[in-house]
Amino acid sequence: MKRILYSVAVIVMTVLALTACTTKSEPTNEVNNFRIHRGTNLSHWLSQSEERGEARRLHIQEDDFARLDSLGFDFVRIPIDEVQFWDEEGNKLPEAWELLTFALDQCGKYHLRAIVDLHIIRSHYFNAVNEGGDDANTLFTSEESQQQLINMWYELSDVLKGYSNDSVAYEFMNEPVAEDHEQWNQLIAKVHKALREREPQRTLVIGSNMWQSYGTIKYLKVPEGDKNIVLSFHYYNPMILTHYGAWWTPVGRYTGKVNYPGILVSQEDYEAAPDSLKPELEDYLTEEWNVDRIRADFKDAIEAAKKYDLQLFCGEWGVYEPVDRELAYKWTKDMLTVFDEFDIAWTTWCYDADFGFWDQQKHEFKDKGLVDLLTGK
């Protein structure tokens, strides 16, 4: 009798184990309630910042989440960098992890959903190509670098998996710059499979190749049968307007007049510009920019979302602080018009840095007109 009971127990355990193995690695058919609309990036805090210790702890606090909720935002994107969360030997740096979970706890308290965005990693930096350091981007050519990316998400999942699938999503890499679109597609498949083995239903945000461009989303291959995915793209065009005066871009050196809507640079202003800048300005002499141009640029992204029946999300868009506010508001209104027309979720770049609307030092709005536009007030 004992032998029979033992045999039955073994069979039952085997069946349960096989069932677990077959379901664990597959996404569930149940669709999360991770619905998003209007948000902002909590940038230059756990990413792209040298602040540590007290300065970093004070940078974003509970009142920031309360403020965003009261303004009518419903979610935030939280960029994080590998160098803040792991040392060069791969050991966790505890304070950054504590700040991230603090942020997610505050999001829960103030009715904000959150996207945790792995923004910059040691094997991939989106601006390495522009800065002449492309050799540092080993991610798409190194199996070891790809496994390190997966391992980072294993560790993030171990800490974050307790947060509701309806409230927290993962964006497993920001602005990929693979030489070949298929390299990015293959990495998506690999990371998606690894994460689904740990979290079958977590919402994953997947962006297009070449800086999350609206122009490359048509080459994106989305894992089939998974409805808990959000498609993402970024948009800063026309750069001569949104990045006017930005020291890190060639077009930012232009000091002449910019027009919007319409032809952005007049022939007279073009002729007056330094010869070294004229190649950067030529396209702006003939192309007309307005809400119709923005709508046309979004076409491929909108069609991709329809094809896969997924949410569409513009994860970054915004205007550099020194840009003439009248022009900035006109462009912002046109962006919001297209977002609303096609039900595109968005997070501005950003909350409190050089594209933002809040001044953390003075603890006041630095651009109330912008925040009123964004919140529809």
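This write-up is about the structure you can find in this document. All figures in this text were calculated on a predicted structure; none of them were measured in a lab.

Rules and cut-offs
- Residues numbered from 1 in each chain as written.
- Predicted model: local features only at pLDDT ≥ 70, side-chain atom pairs only at ≥ 80, totals over all residues.
- Heavy atoms only, no water.
- Helix = DSSP H or I, 4+ residues; strand = E, 2+ residues; numbered from the N terminus.
- Rg over C-alpha atoms; globule rule 2.2 N^0.38 Å.
- Buried < 20%, exposed > 50% of the residue type's maximum accessible area, 1.4 Å probe, protein only.
- Contact = heavy atoms within 4.5 Å.
- Areas by Shrake-Rupley, 256 points an atom, 1.4 Å probe, with all protein chains shown as cover.
- Lys, Arg positive; Asp, Glu negative; His and termini not counted.
- Charge placed at Lys NZ, Arg CZ, Asp CG, Glu CD.
- Pairing = 2+ DSSP bridges.
- Right-handed = clockwise from strand over helix to strand, strands pointing away.

### With respect to the overall build of the protein chain
- In terms of helices and strands, the protein chain carries 15 helices and twelve strands.
- Computed over C-alpha atoms, the radius of gyration of the protein chain comes to 23 Å, within 12% of the 21 Å expected from 2.2 N^0.38 for 377 residues, which places it in the range of a compact globule.
- The principal-axis extent of the C-alpha atoms belonging to the protein chain is close to 95 × 45 × 40 Å.
- Taking all 377 residues of the protein chain together, 52% fall into the buried category.
- In the protein chain, once contacts between residues fewer than 6 apart in sequence are set aside, the share between residues at least 24 apart is 76%.
- Total accessible area on the protein chain stands at roughly 17600 Å², and carbon and sulfur atoms take up 52% of it.
- Between the mean site of the 38 positive side-chain charges and the mean site of the 64 negative ones, the protein chain shows a separation of 7 Å.

### Let's talk about the pairing of strand 5 (residues 204-207)
- Here strand 5 shows a buried face lined by Leu 204 and Ile 206 and a second buried face lined by Val 205 and Gly 207.
- Both strand 4 (residues 168-171) and strand 5 contribute to a ladder of two bridges, which runs parallel. Bridge pairing in strand 5 places Tyr 170 opposite Leu 204.
- Each parallel crossover has a hand, and the one from strand 4 via helix 7 (residues 181-198) to strand 5 is right-handed.
- Judged from the four bridges that link them, strand 5 and strand 6 (residues 229-234) form a sheet pairing that is parallel. Counted as the bridge partner of Gly 207 is Ser 232 from strand 6.

### Describing unusual backbone geometry
- Cis geometry is found at the peptide bond from Asn 237 to Pro 238, where omega equals 0°.
- Looking at where Pro 238 falls in the secondary structure, it is placed in the loop between strand 6 and helix 9 (239-242).
- Following Tyr 260, the chain continues to Pro 261 via a peptide bond in cis, the omega torsion being -5°.
- Relative to the helices and strands, Pro 261 is located in the loop between helix 9 and strand 7 (262-263).
- Not every positive phi belongs to a glycine, and His 111 is a case in point at roughly 60°.
- By the element assignment, His 111 lies in the loop between helix 5 (94-109) and strand 3 (113-120).
- For His 111, a relative accessible area of 62% corresponds to the exposed category.
- One non-glycine residue, Asp 309, lies in the positive phi region at around 55°.
- Turning to its location among the elements, Asp 309 is positioned in the loop between helix 13 (299-308) and strand 9 (311-316).

### Re the pairing of strand 6
- The buried fraction of strand 6 is high, at six of six residues.
- Along strand 6, one buried face is formed by Ile 229, Leu 231 and Phe 233 and the opposite face, lined by Val 230, Ser 232 and His 234, is buried too.

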